[in-house]
Amino acid sequence: MKLLSLLLAIVSVPAVLVVYIYITEKLIGGRSVRLLPAAGPRSGRAGKSGGAAFLRPWLWLLPSLLLLGVFLLYPVVNTIILSFKNARSIEFVGLANFIHIFTDRGMLIVLRNNVAWLVFFTAGTLGLGLLMAVLSDKVRWEPVAKAAVFIPMAISFVAAGVIWRFMFEFRPAGEVQIGTVNAVLTALIPGFQPRAWLFDKQTNNIALIVVGIWMWTGFAMVILSAGLKGIPTDVIEAARIDGASAWQIFVRIILPLAAPTIAVVATTLMVNVLKIFDIVYVMTNGSLGTEVIANRMYKELFNYRHFGRASAIAVILLVAIAPVMIMNIKRFKESRKSHG
Amino acid sequence: MADIIHTAAIPKGSMGRRLKLRPGAVLVNIVLIVICLFWLLPTVGLLVSSLRPKELIAVSAWWEAFQAPLRFTMENYVNVLSRANMGTSFVNSLMIAIPGTVIPMCIAAFAAYAFSWMQFKGREWLYLVVIALIAVPIQMTLIPVLRLFNNLGITGSFLAVWLAHAAYGLPFSIYLLRNFISQLPQSMLESAFVDGASHPVVFFRLVLPTCLPALASLGIFQFMWVWNDLLVALIYLGGTTDVAPMTVTIANMVNSYGGGWEYLTAAAFISMALPLVVFFALQKYFVKGVLAGSVKE
């Protein structure tokens, strides 16, 4: 039964699309094809060559536009409206939901945690990713070193959560420590008291952020490494001949030249960290002061059934991410210009 | 963005060779080895633990497994597959991830072609909307879409997650494929049109076969994304166990079993097995997808 619906889904969707394209092509009766360059100037004749050339793009875009409209565009508008309504989305309550978010003590902890994630996760991942990109370039076993760091990108946050719960496992002092972190520290540091990393309010947020860094450093490394390899070698060679040290070359030449790539990585990391959900859900479920925005929204939605506040939280997330969306658009427009 | 993809393909430059035998080389190697060990250790610990008998996991650290007498077992895997619903969940994960990859790719390919090689009013701004949508947090869509699914009565069915993943994956899929398709040589398409080929013929016979590498990258990336997803499944499947994918099942196990490490370690490794195989077999394509995805969400 399951297999049947699986086959149906992956065969029928492409099949229906192919049939759809050919039938609409017949219906609009498109014969003559006028090829237009991807980024070229508008020819001004599109309208004159008849209905086919006018209709065809829209028919090809229709499936995409339907999905995007129903599942992304309409919901975004709807959520913004809901954020000004009450728990059951019946009456408008003005800014009450937003005022609650910025005054409630629990919510302020959530916002504090997100700022901590934003700062430490981004800095840690970027720093380690850059270190790996620079160092791995200097050894023969570069592919192996990169693969080792990149592996966590392939697994789910849930699996990573299990892995790290096991790493942070705590047993009271005197018992055998089966968690790697406590075992190593008690073995190395005389008199070290094992800690409940995930339950201790002083360490639990940092412990979670470590998991995030472990997962995403590979991403930063791969992109930064590609960027660094694009730096022309003659510039570096010239600096070396002039007697610049490896550190000077790194700070004065490599970093400035890699700045655009670093900016891309940093913004991507920031967008992702703002939406972080899975790690916290699996490892602490937001208890003991570890809640973040996405987890709080989930609770407002399913535990407290307060759709107004849940929507308001989502809107705050969107506003925080909006600058990155604008940057993406700007970057696209610039690349358009530079390609003519 | 296309530049990032291209630089990835540049073979290892001369930077490596220049610095290889400098005095700091030993230090570089040591630092790298330490980082790599630190990165691998958590996963290795999980794998070793999952192969140890239940009574040993709880009383001794995992590296003691390598002291005599060696005692390894597959019983944790047998137990977790038969008792803890993991077998069903594995099938469910496939049920979700395969259509969740195929559907958006098919739909996106048509749109990417239209954005690349057809002229129409509003093409520019419509494409800007697609790019903007790449970064929209899916949290913004959860409540309205959940209500829609409830009204349609499909909450808790595979159809709901297929639709959701198809829509959420579309903006990035269109973006990645358009980058590739719009850079095909114009002369190639022009000569086909001169020979009297129609748009559908050019698309199916010429464009699709040419962009197989891009489709491969996108497919792997989207598959991993859906396979590893927790939030979408959690929300739209509503905790129904017989449709739950592995991420949801494991998350439930963590919350209810607490420290049942013999189950958790085996379950986590089962969920990682397929992505790891895909990763090692198709690393090149996956990394390309990630590079192109540096604007994704």
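Position numbers for residues count from 1 along each chain, tracking the sequence in the order it is written. Chain letters start at A and ligand numbers start at 1, both assigned in the order the entries are written. In keeping with the predicted nature of the model, local features appear solely for residues at pLDDT of at least 70, side-chain atom pairs appear and are counted solely at 80 or more, and the whole-chain, interface and lining totals rest on all residues. Hydrogens are left out, water is left out, and the side-chain values use all remaining heavy atoms of the structure.

Section: the state of the cysteines
Thought 1: Two cysteine sulfurs form what is called a disulfide whenever their separation falls within 2.5 Å. In the structure shown here, the tally under the stated rule is 0 disulfides over all chains.
Thought 2: Just so you know, Cys106(B) is unpaired, no disulfide at all, and the nearest cysteine sulfur is the one on Cys211(B), 12 Å from it.

Thoughts on the confidence of the model for chain B
All names here are of chain B.
Thought 1: Each residue gets a pLDDT score, which is the predictor's confidence in that residue and runs from 0 to 100. For chain B, the average pLDDT comes to 84, and 90% of its residues sit at 70 or higher.
Thought 2: Labels follow the DSSP assignment, with helices taken as runs of H or I lasting at least four residues and strands as runs of E lasting at least two, numbered in each case from the N terminus. The weakest mean pLDDT in chain B belongs to helix H1 (residues 2–9) at 38; the strongest belongs to helix H8 (residues 142–152) at 94.
Thought 3: We call two residues in contact whenever any of their non-hydrogen atoms come within 4.5 Å of each other. Low pLDDT, under 50, characterises residues 1–20; the stretch is placed with 36 contacts to residues that sit more than four places away or in other chains.

Section: the interface of chain A and chain B
Thought 1: Taken together, the contact between chain A and chain B spans 124 residues of the former and 136 residues of the latter.
Thought 2: The term buried area denotes the loss of accessible surface (1.4 Å probe radius) that occurs when two parts are joined, taken as the sum for both partners. Summed over both partners, the interface of chain A with chain B buries about 12,100 Å², with 76% contributed by carbon and sulfur atoms.
Thought 3: As used in this structure description, the phrase polar contact means that two N or O atoms lie within 3.5 Å; if the pair is within protein, one of them must be able to donate a hydrogen and the other to accept it, and residues adjacent in sequence are counted only when both atoms belong to side chains. Counting the contacts that link chain A with chain B gives 10 residue pairs in polar contact (both at pLDDT 80 or more).
Thought 4: Among the elements that take part in the side of chain A that touches chain B, helix H2 (residues 51–82) of chain A stands out by supplying 22 residues, more than any other.
Thought 5: Classification used: nonpolar for Ala, Val, Leu, Ile, Met, Phe, Trp, Tyr, Cys and Pro, charged for Asp, Glu, Lys and Arg, polar for all others including Gly. Residue composition of the side of chain A that touches chain B, by class: 88 nonpolar, 16 polar and 20 charged.

A short note on helix H6 (residues 86–117) of chain B
Thought 1: What a helix should span is 1.5 Å times the count of its residues minus one. Taking 1.5 Å of rise per residue, 32 residues should cover 46 Å, and H6(B) covers 46 Å from first to last C-alpha, within 8% of that figure.
Thought 2: Only protein chains enter the accessibility calculation, which uses a 1.4 Å probe; a residue is then buried when its area is under 20% of its type maximum, exposed when over 50%, and partly exposed in between. Among the 32 residues of H6(B), 25 are classified as buried, and the element is accordingly described as predominantly covered.

Let's talk about the domain arrangement of chain B
Accessible area lost upon the coming together of the parts serves often as the stated size of an interface.
All names here are of chain B.
Thought 1: Where each domain starts and ends comes from a domain assignment, either automatic or drawn from a database. With domains assigned, chain B is organised as domain 1 (2–73) and domain 2 (79–290).
Thought 2: If you average the C-alpha positions of domain 1 and of domain 2, the two centres end up 30 Å apart.
Thought 3: Contacts between domain 1 and domain 2 engage 9 residues on the former and 8 residues on the latter.
Thought 4: Summed over both sides, the interface of domain 1 with domain 2 buries roughly 870 Å², with 79% coming from carbon and sulfur.
Thought 5: What counts as a salt bridge is simple: a side-chain nitrogen of Lys or Arg found within 4 Å of a carboxyl oxygen of Asp or Glu. For the pair domain 1 and domain 2, the interface holds 1 salt bridge.
Thought 6: Here Lys 54 ties to Glu 262 by a salt bridge, and the two come within 4.0 Å at their closest N and O atoms.
Thought 7: On inspection of domain 1 and its partner domain 2, the count reaches 0 residue pairs in polar contact (both at pLDDT 80 or more).
Thought 8: Broken down by secondary-structure element, the contributors of at least two residues to the side of domain 1 that touches domain 2 are H1, helix H3 (25–50) and helix H4 (54–57).
Thought 9: When residues in the side of domain 1 that touches domain 2 are grouped by element, the largest group, 5 residues, is from H3.
Thought 10: By residue class, the composition of the side of domain 1 that touches domain 2 is 4 nonpolar, 4 polar and 1 charged.

Observations regarding the packing of aromatic side chains
Thought 1: Ring pairs are drawn from Phe, Tyr and Trp, using the six-membered ring of Trp, whenever the two centres fall within 6.5 Å, and their geometry is named by plane angle: stacked under 30 degrees, edge-to-face over 60, tilted for the rest. Following the criterion strictly, the structure yields 35 aromatic pairs over all chains and no others.
Thought 2: An angle of 75° between the planes, with centres 5.1 Å apart, marks the rings of Trp216(A) and Phe219(A) as edge-to-face. Linking Trp216(A) with Phe219(A), this pair stays in helix H8 (residues 204–229), spanning 3 residues, or about one helical turn. The pair formed by Trp216(A) and Phe219(A) is uniform in burial state, with each residue classed as buried.
Thought 3: Chaining the aromatic ring pairs together yields one cluster made of Tyr22(A), Trp60(A), Phe110(B), Tyr113(B), Phe203(B) and Phe204(B).
Thought 4: Sitting over a ring, as applied to charges here, requires NZ of Lys or CZ of Arg to be within 6 Å of the ring centre and within 35 degrees of the ring normal. Sitting above the plane of the Phe307(A) ring, Arg147(B) keeps its charged end 4.8 Å from the centroid.
Thought 5: Directly above the ring of Tyr127(B) sits Arg178(B), whose terminal nitrogen or CZ lies 4.6 Å from the centroid.

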